[in-house]
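Architecture at a glance
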Amino acid sequence: MLLEIDGLTKMYKKGARANDDISLEVDAGQVLGLLGHNGAGKTTLLNQVVGLVKPTSGTIRIDGRDPVADPAMARRVCALQPQAQAPLTGITPRQAIETMARIRGASRQRARQRTDELIEALELAPWASTVGEKLSGGVQRLTAFCMAAAEPGRVVMFDEPTNDVDPVRRRLLWEQVRALGAAGVAVVLVTHNVIEAERAVQRLVILDQGRVVAHGTPAELRGQDADRLRLEVVAADEPTAHRLAGDVDAVEPAVVAGRRVAVPIATGTATATLAWAQEQRDAGRVDEFSVTPVSLEDVYIRLVGTENGADATEEVGHAALAA
Amino acid sequence: MRHWLRSYSLLLKWTILRLRTTLPFMFIVQTLMAAGIVLGFAFLIPTHDRVTALYLSTGAPTVALITVGMVLIPQMVAQQKLRGLFDYQRAMPVPRLAMLAADATVWVAVALPGMVAALVVATLRFDISFAVSPLVVPAVLLVALGAVGIGYGIGYAAKPELAGIISNMIIIMALMFAPVNYPAERLPDWFAAVHQWLPFQYMAQAMRETIDVPATGVPALPFLVLAAWGLAGLAVTARIMTRRA
Ligand SMILES: Nc1ncnc2c1ncn2[C@@H]1O[C@H](COP(=O)(O)OP(=O)(O)OP(=O)(O)O)[C@@H](O)[C@H]1O
Ligand SMILES: [Mg+2]
């Protein structure tokens, strides 16, 4: 294993447990997604790996070596895109990416080549020679991504690289994350973009209040949800919504929020349910409906819960879906 | 060592790129200020004997270095702290000292033309000539080391708002209340005694007595004191830079 973390606990002075007994592994060529609410301890975890924060207990091994004892080694081996916006005042994306690649050890030629590649891949060419203070937030974020990705070392870690980035470029960015994995780099990716992350990662770790609450491939995390679909209906009005919620052949109770109804259904009953929904629409009781696979976001929310334990939805039936 | 030099030169390039729009402006301000001190203080002091002239013409380049090291640097560090540049720098695979050295090189280079300008203006204004020693080169470097070391120490150790206040007090101190532009005998005894423990008079002395060597030769004390101040400042800085939460 290239990156091994075992029993890692971090307590800040006068603070809570930011990391609580975290264990995980990332091998060369793997992309690991790290999910969790604000304050779950994701940034703290990355900072310990690069030797910027000292663990309270537990061990970290990067290719068998200890970043706590040798932080200079950790900084050489790991590239990090910090969560903060990159300081680009007075400097253009091209200069920033190329110089950072050189600082990280790339030869002049390789630095230039990687810079060209990334600028093209992320469609940054129109801004490649604009100084930082004139760049939009999203372009700054993408530049910071490239600064870490240009010469990634053996482990590269991105802390929320898609913040502020438009949907088209987010796709291009996920593409580059996958490419880094394919090139044999161990990638750790912190993101709040749960649904999109699925396209780029092999495994996911979900943190909650410093603890690992789930760990596995997206399919494993879905578990029983893998053979379920989610029916969403927008009813004509609220009473109709409640009435319809009881009519569906569901595997778990429906969640009603205003005119919206969300129901998990078994894959086997999908055809019948679709026909039913079409009938309801023809009868004017339903404005729109859709059937989608249960998203990772649903799984995530079920595991981690909402911040204050409840949201604006109203349960119909026995148990709560978003417990 | 190769890694160190490579890091240094790349960081130097980065710093120059980052500052390229402000650097020419800094050059001009520094040069005008150094020359201005010579001319301005000449108005304040109506009669100039050779001693007065010597203090003014060597005090000006000293103040130029103090401004850069102990005023511009803490303010720049404070600004970088606020802008989050440190999160980035801290994660870079470069030696910490190379990072400081790259920054310091640019700032000392900004001060150099001002120092020369001050001397040229002084020779014209006071019609004075100097017995310059080659030791002036290490003297300039040591004064720079002392000022830069202390400057980084303040910038890193103090909160950004406080660093601004401290650096403003330093410039007033160096200009008016330190035996830089005039001899220490003009200060009250207790204040002159305080200055025995501060770096200013040693900076001035190192510059003055290498630009115009006294009959007794170039003294060693100011060099030792400045080296100590510089190293102490850098030690504080290094400690804070490598501190881990
Ligand atoms: N330097 C610090 N000193 C004290 N407490 C800290 C420090 N940095 C973070 N914390 C605390 O540690 C916990 C975890 O913070 P962390 O930044 O790791 O969260 P995160 O998962 O990255 O959150 P976000 O998604 O908002 O970036 C939080 O409760 C935070 O307040
Ligand atoms: Mg974070």
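Keep in mind it's a predicted model, so treat the numbers as computed, not measured. (Residues numbered from 1 in each chain as written. Chains lettered and ligands numbered in written order. Predicted model: local features only at pLDDT ≥ 70, side-chain atom pairs only at ≥ 80, totals over all residues. Heavy atoms only, no water.)

For chain A, mean pLDDT is 89; residues scoring 70 or higher make up 94% of the total. Within the model, pLDDT remains below 50 along residues 308-323 of chain A, and this stretch shows 24 contacts once partners closer than five positions in the same chain are excluded. (pLDDT = per-residue confidence, 0-100. Contact = heavy atoms within 4.5 Å.)

A few words on the domain arrangement of chain A. Residues and elements named next belong to chain A. On domain assignment, one finds that chain A holds domain 1 (3-216) and domain 2 (222-322). A C-alpha centroid distance of 36 Å is found between domain 1 and domain 2. On the side of domain 2, ten residues touch domain 1, which itself brings twelve residues to the contact. Taken together, the two surfaces of domain 1 and domain 2 that pack against each other cover about 990 Å², and 66% of this comes from carbon and sulfur. Taken together, the links from domain 1 to domain 2 amount to one salt bridge. (Domains from an automatic or database assignment. Buried area = accessible area lost by both parts, 1.4 Å probe. Salt bridge = Lys/Arg side-chain N within 4 Å of Asp/Glu carboxyl O.)

On average, residues of chain B score 89 in pLDDT, and 100% of them reach the 70 mark or higher. Overall fold confidence for the complex sits at a pTM of 0.84, while the interface term, ipTM, reaches 0.81.

This part covers the pairing of strand β3 (residues 31-36) of chain A. All names here are of chain A. Within β3, six of the six residues are buried, which leaves it mostly tucked inside the rest of the structure. Residues Val31, Gly33 and Leu35 of β3 are buried on one face, and the alternating residues Leu32, Leu34 and Gly36, pointing to the opposite face, are buried as well. When β3 meets strand β8 (residues 203-208), the two strands line up parallel, connected through five bridges. In the strand pairing of β8, glycine 33 is matched with leucine 204. (Buried < 20%, exposed > 50% of the residue type's maximum accessible area, 1.4 Å probe, protein only. Helix = DSSP H or I, 4+ residues; strand = E, 2+ residues; numbered from the N terminus. Pairing = 2+ DSSP bridges.)

Residue and element names in this part refer to chain A. Contacts to ligand 1 come from 13 residues, most closely from Gly39, Lys42, Thr43, Thr44 and Gln83. Between ligand 1 and asparagine 38, the relevant distance is 3.0 Å, taken from an oxygen atom to a side-chain nitrogen or oxygen of the residue. Here an oxygen atom of ligand 1 sits 3.3 Å away from a polar atom, N or O, in the side chain of glutamate 160. If ligand 1 stood free it would expose 640 Å²; the protein chains cover 61% of that surface. (Near = heavy atom within 4 Å. Polar contact = N/O pair within 3.5 Å; in protein donor to acceptor, adjacent residues only side chain to side chain. Areas by Shrake-Rupley, 256 points an atom, 1.4 Å probe, with all protein chains shown as cover.)

The next thing to look at is helix α6 (residues 136-157) of chain B. Taking 1.5 Å as the rise per residue, α6(B) with 22 residues should run 32 Å; its terminal C-alpha atoms sit 31 Å apart, in good agreement. Of all 22 residues making up α6(B), 17 are buried, and the element is well covered by its neighbours. (Expected span 1.5 Å × (residues − 1).)

Two modes of strand pairing occur in sheets, parallel and antiparallel, and in both the strands are linked by backbone hydrogen bonds. Residues and elements named next belong to chain A. Read from one edge of the open sheet, three strands run β2-β1-β4, paired in antiparallel fashion. On the outer flanks of this sheet lie β2 (17-26) and β4 (57-62), each paired with one strand and no other. Within the sheet, the average angular offset between the axes of one strand and its neighbour, ignoring direction, is 15°. Sheet topology note: the strand β1 (residues 3-11)/β4 ladder contains five bridges and is antiparallel. When the bridges of β4 are listed, aspartate 6 appears paired with threonine 59. Strands in contact with helix α1 (residues 42-49) are β1, β2 and β4; relative to β1, the strand with the most contacts, it is inclined by about 120°. (Axes fitted to C-alpha atoms, helices over the stretch in contact; angles between N-to-C directions.)

This part takes up the coordination of the magnesium ion (ligand 2). Ideal geometry at a metal centre gives angles of 109.5 degrees when four donors are arranged tetrahedrally and 90 or 180 degrees when six donors are arranged octahedrally. Residues and elements named next belong to chain A. Only Thr43 (OG1) and Gln83 (OE1) from the protein reach the magnesium ion (ligand 2) as donors, at distances of 1.8 to 2.1 Å. One end of the pair, threonine 43, is in helix α1; the other, glutamine 83, is in the loop between β5 (78-81) and α3 (93-103), and 40 residues separate them in sequence. On the basis of relative accessibility, which here comes to 26%, the residue threonine 43 falls in the partly exposed class. (Donors = N, O, S within 2.8 Å, 3.2 Å for Na, K, Ca; no water.)

Before going further, it helps to spend a moment on the interface of chain B and chain A. Taken residue by residue, the interface counts 20 residues in chain B and 33 residues in chain A. Both sides together, the interface formed by chain B and chain A hides about 2,600 Å², and carbon and sulfur atoms give 62% of it. By the criterion of area lost to chain A, the three top residues of chain B are Trp14(B), Tyr88(B) and Arg244(B), representing 31% of everything that side buries. The interface formed by chain B and chain A holds zero salt bridges in total. Counting the contacts that link chain B with chain A gives four residue pairs in polar contact (both at pLDDT 80 or more). Elements supplying a minimum of two residues to the side of chain B that touches chain A: α1 (2-19) and α4 (85-90) of chain B. Looking at the side of chain B that touches chain A element by element, the count peaks at seven residues for α1(B). Residues belonging to the side of chain B that touches chain A are distributed by class as follows: eleven nonpolar, no polar and nine charged. (Nonpolar A, V, L, I, M, F, W, Y, C, P; charged D, E, K, R; others polar.)

All names here are of chain A. In space, the six strands of this open sheet follow the order β5-β6-β7-β3-β8-β9, with mixed pairing throughout. Of all strands in the sheet, those bounded by a partner on one side alone are β5 and β9 (211-216). Strand-to-strand twist of the sheet, defined as the mean angle between neighbouring strand axes without regard to direction, takes the value 15°. Direction of pairing for β5 relative to strand β6 (residues 155-159): parallel, over a ladder of four bridges.

The next point concerns the nonpolar core. Counting residues in each nonpolar core, the largest one holds 134 residues, and the members touching the most others are Met147(A), Phe158(A), Val177(A) and Tyr152(B). With 16 residues, helix α3 (residues 50-83) of chain B is the single largest residue contributor to this core. There are two domains that each give this core at least three residues, and those are domain 1 (3-216) and domain 2 (222-322) of chain A. Sequence-distant contacts of Met147(A), defined by excluding residues within four places in its chain, comprise Ala86(A), Leu88(A), Ala96(A), Ile97(A), Met100(A), Trp14(B) and Tyr88(B). (Core = buried A, V, L, I, M, F, W, Y, C linked by side-chain atoms within 4.5 Å.)

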